[in-house]
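# Chain and residue survey
For reference, the chains in residue letters:
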There are 2 protein chains.
Amino acid sequence: MGRSGRFSADLGTDGDEVCRTLAMSSELEALRQRFIERAGQITQSIGIGRVIGQSFAHIYFSPEPQTLDDLTQALQISKGSASMSVRQLEQWGAVRQVWIKGERKDHYEANDDFGRIIRRALLDLIGRRMETTDTLLEDSEAYIERGNGAPRDPERAFMERRIKKMRHFRDRAQHIWDSSVLRLLLK
Amino acid sequence: MGRSGRFSADLGTDGDEVCRTLAMSSELEALRQRFIERAGQITQSIGIGRVIGQSFAHIYFSPEPQTLDDLTQALQISKGSASMSVRQLEQWGAVRQVWIKGERKDHYEANDDFGRIIRRALLDLIGRRMETTDTLLEDSEAYIERGNGAPRDPERAFMERRIKKMRHFRDRAQHIWDSSVLRLLLK
DNA sequence: GAGTTCGTTCAATCCGTATTGAACATATTG
DNA sequence: CAATATGTTCAATACGGATTGAACGAACTC
């Protein structure tokens, strides 16, 4: 009988759920809760939603791979939330799906290489934003270029200076971003 | 009469306002608007509110120092918003107050040293967050330390590994933060 | 000192976005 | 194939934080 006993009908509703997380000492469990709560606060404060952080922390601090149902129960969130948060985490490589023989639900375990996770997330969140501002800067430079022989008014000269400063900063920021920050975080 | 003409009663409502910003070519003005809008989008997306970015961009792209009233009119925001955003910008050194002889309103001009501005803002926004997580990590380590001679259960050993990994990452992040990122941005 | 002009504050409100959950799609079982 | 179990989607909603604006205080004017 053993492992396959989970299919016996007499257990009723969700009798198999109790085995997913072994009982922890209450103090250890309290710390675990605090980590989860804190992770939620962090992700919320950087604007990617509370459940993302909570979900990751829950999986990270679970010895066994966790299912969506585990998340809905542990964090008191909806099925939809659990699904979306896990998919986002997967996209950043923060969790990976593991197959457990004989189980139908999807199980997820945490990646503990934080450097890679944050690198991917930052690339995703910030990387694309830099591009969108470029067109505006280029339009401005085109405008300046175009009117180079035109009569000089102070208004125009002022804008020219400001735009050049922006370009200068933008290029330096790009350089720092590309060469330093990401490389440092990775290894 | 000239400059003091602003006190003459016949001008009524806000006749003096028209002189604050010289008329720009409509194309230049359009670019200016796009910069302001874009700045608002950026600051909003990083979670510090839209008006902060808009206010800074407006001041940055104005040849003359700007007043709170200028902001409320140009950005269509309330007096309160203008006041709060400028105070925040001042705290980060993004704008500074300048005194204009014979004027009662406060005037602000933009700092164009973006490196310093961002450095200060990041220190303010992120710096303090790192501290708050520390206590939790320290509590966890204290717990581990305390029970060092106790009977080993796998649950506990697992948590111990995870907490150690967190600590390791946390220290490295702190190091990168302190030594690299801020220094790079500054000069 | 009464009357203005400005800047600040903070409770009330508004708005955007995170979250929900019912409906749907897909896979699995007997 | 019907029945069940699971994951996903997205329109509706709920919630939190941004924004407002009335009330206040401070500084100035006559």
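The structure under discussion appears in the preceding block.
These lines cover the structure that appears in this document, whether it is placed above or below.

Reading the values: rules and limits
- Residues numbered from 1 in each chain as written.
- Chains lettered and ligands numbered in written order.
- Predicted model: local features only at pLDDT ≥ 70, side-chain atom pairs only at ≥ 80, totals over all residues.
- Heavy atoms only, no water.
- Near = heavy atom within 4 Å.
- Polar contact = N/O pair within 3.5 Å; in protein donor to acceptor, adjacent residues only side chain to side chain.
- Helix = DSSP H or I, 4+ residues; strand = E, 2+ residues; numbered from the N terminus.
- Nonpolar A, V, L, I, M, F, W, Y, C, P; charged D, E, K, R; others polar.
- Salt bridge = Lys/Arg side-chain N within 4 Å of Asp/Glu carboxyl O.
- Axes fitted to C-alpha atoms, helices over the stretch in contact; angles between N-to-C directions.
- Parallel < 35°, antiparallel > 145°, perpendicular 65-115°, else oblique.
- Contact = heavy atoms within 4.5 Å.
- Core = buried A, V, L, I, M, F, W, Y, C linked by side-chain atoms within 4.5 Å.
- Buried < 20%, exposed > 50% of the residue type's maximum accessible area, 1.4 Å probe, protein only.
- Phe/Tyr/Trp six-rings, centres within 6.5 Å; stacked < 30°, edge-to-face > 60°.
- Lys NZ or Arg CZ within 6 Å of the ring centre and 35° of its normal.
- Buried area = accessible area lost by both parts, 1.4 Å probe.
- Least-squares fit on C-alpha atoms with pLDDT ≥ 70 in both.

## Comments concerning the protein's contact with DNA strand D
Around DNA strand D, 18 residues are found, and the nearest of them are A:K79, A:S83, A:R87, A:D106 and B:S81. Here, DNA strand D places atoms within 4 Å of the protein, and 65% of those atoms are sugar or phosphate. A:R87 is positioned such that a nitrogen or oxygen atom in its side chain is 2.7 Å from a phosphate oxygen of DNA strand D. Secondary-structure elements contributing two or more residues to the surface near DNA strand D are α4 (79-91) of chain A together with α2 (50-60) and α4 (79-91) of chain B. Per element, the largest residue contribution to the surface near DNA strand D is five residues, and it comes from α4(A). Here the surface near DNA strand D is built from residues that sort into four nonpolar, seven polar and seven charged.

## Description of the pattern of salt bridges
Enumeration over the complete set of coordinates arrives at 22 salt bridges over all chains. One salt bridge in this structure joins B:E27 and A:R146, with 3.2 Å as the shortest N-O distance. With B:E27 in helix α1 (residues 26-45) and A:R146 in helix α5 (residues 114-146), this residue pair bridges two chains. Two residues, B:R32 and B:E29, come together in a salt bridge whose shortest N-O distance is 3.7 Å. Taken together, the positions of B:R32 and B:E29, both in helix α1 and three residues apart, correspond to about one turn of that helix. It is possible to trace a salt-bridge network through shared partners that takes in A:E141, A:R167 and A:D171.

## Some remarks on the packing of helix α2 (residues 50-60) of chain A against α4(A)
Residues and elements named next belong to chain A. Closest axis-to-axis distance for the α2/α4 pair is 9 Å, and the angle between their directions is 75 degrees. It follows that α2 is roughly perpendicular to α4 by the angle criterion. Along the contact surface, α2 presents V51, I52, S55 and F56, while α4 presents S85, Q88 and L89. When grouped by side-chain class, the residues that make up the contact of α2 with α4 number four nonpolar, three polar and no charged.

## Focus: the nonpolar core
If you look at the biggest cluster of nonpolar residues, it comprises 38 residues, and the most contacted ones within it are A:F35, A:F56, A:Y60, A:F61, A:V95 and B:M166. Sort the elements by how many residues they give to this core and helix α6 (residues 154-186) of chain B lands first, with seven residues. If we ignore the near neighbours within four places in the chain, the residues touching A:F35 are A:A57, A:F61, B:L136, B:L137, B:S140, B:I163 and B:M166. Counting 37 residues, the second-largest nonpolar core is a separate cluster that includes A:Y143, A:I163, B:F35 and B:F56.

## Some words on the protein's contact with DNA strand C
Near DNA strand C, the surroundings consist of 17 residues, among which A:S81, B:K79, B:S83, B:R87 and B:D106 are the closest. When the atoms of DNA strand C within 4 Å of the protein are grouped by moiety, sugar and phosphate amount to 65% of the total. Within the backbone of A:S78, one N or O atom sits 3.2 Å away from a phosphate oxygen of DNA strand C. B:D106 places a polar main-chain atom, nitrogen or oxygen, 2.8 Å from a phosphate oxygen of DNA strand C. For the surface near DNA strand C, the elements supplying multiple residues, two or more each, are α2 and α4 of chain A together with α4 of chain B. A total of five residues in the surface near DNA strand C trace back to one element, the largest contributor, which is α4(B).

## Some details on the packing of aromatic side chains
Throughout the structure, instances matching the rule amount to 12 aromatic pairs over all chains. Ring centres 6.3 Å apart and planes at 75 degrees place the aromatic pair A:F56 and A:F114 in the edge-to-face group. Here A:F56 is found in helix α2, whereas its partner A:F114 is found in helix α5, with 58 residues between them in sequence. We note that A:F56, like A:F114, is buried. Of note, A:R162 hangs over the ring of B:Y60, and the distance from its end group to the ring centre comes to 4.4 Å.

## Some thoughts on the interface of chain A and chain B
Between chain A and chain B, the contact holds 46 residues from the first and 47 residues from the second. With both chains or domains summed, chain A and chain B bury close to 4,800 Å², and 66% of this area falls on carbon and sulfur atoms. In terms of surface lost to chain B, no three residues of chain A exceed A:L136, A:E155 and A:R162, which account for 14% of the buried area on that side. Among the salt bridges present, the one from B:K165 reaches A:D112, with a minimum N-O distance of 3.1 Å. Counting across the interface, chain A meets chain B through eight residue pairs in polar contact (both at pLDDT 80 or more).

## A closer look at α2(A)
In terms of burial, α2(A) is largely enclosed, as 10 of its 11 residues are buried. Looking at α2(A), one finds that the buried residues are A:V51, A:I52, A:G53, A:Q54, A:S55, A:F56, A:A57, A:H58, A:I59 and A:Y60.

## Considerations on the relation of the copies chain A and chain B
Least-squares fitting of chain A to chain B yields an RMSD of 0.1 Å, with the superposition described by an axial translation of 0.1 Å and a rotation of 180 degrees. Taken together, the rotation and translation describe the operation of a two-fold axis. Within chain A, A:G47 has its C-alpha nearest the rotation axis, a separation of 3.1 Å. The share of interface residues of chain A whose copies in chain B are also at the interface is 100%, consistent with both copies meeting through the same surface.

Everything listed here is a matter of coordinates, which is why it stays silent on function.
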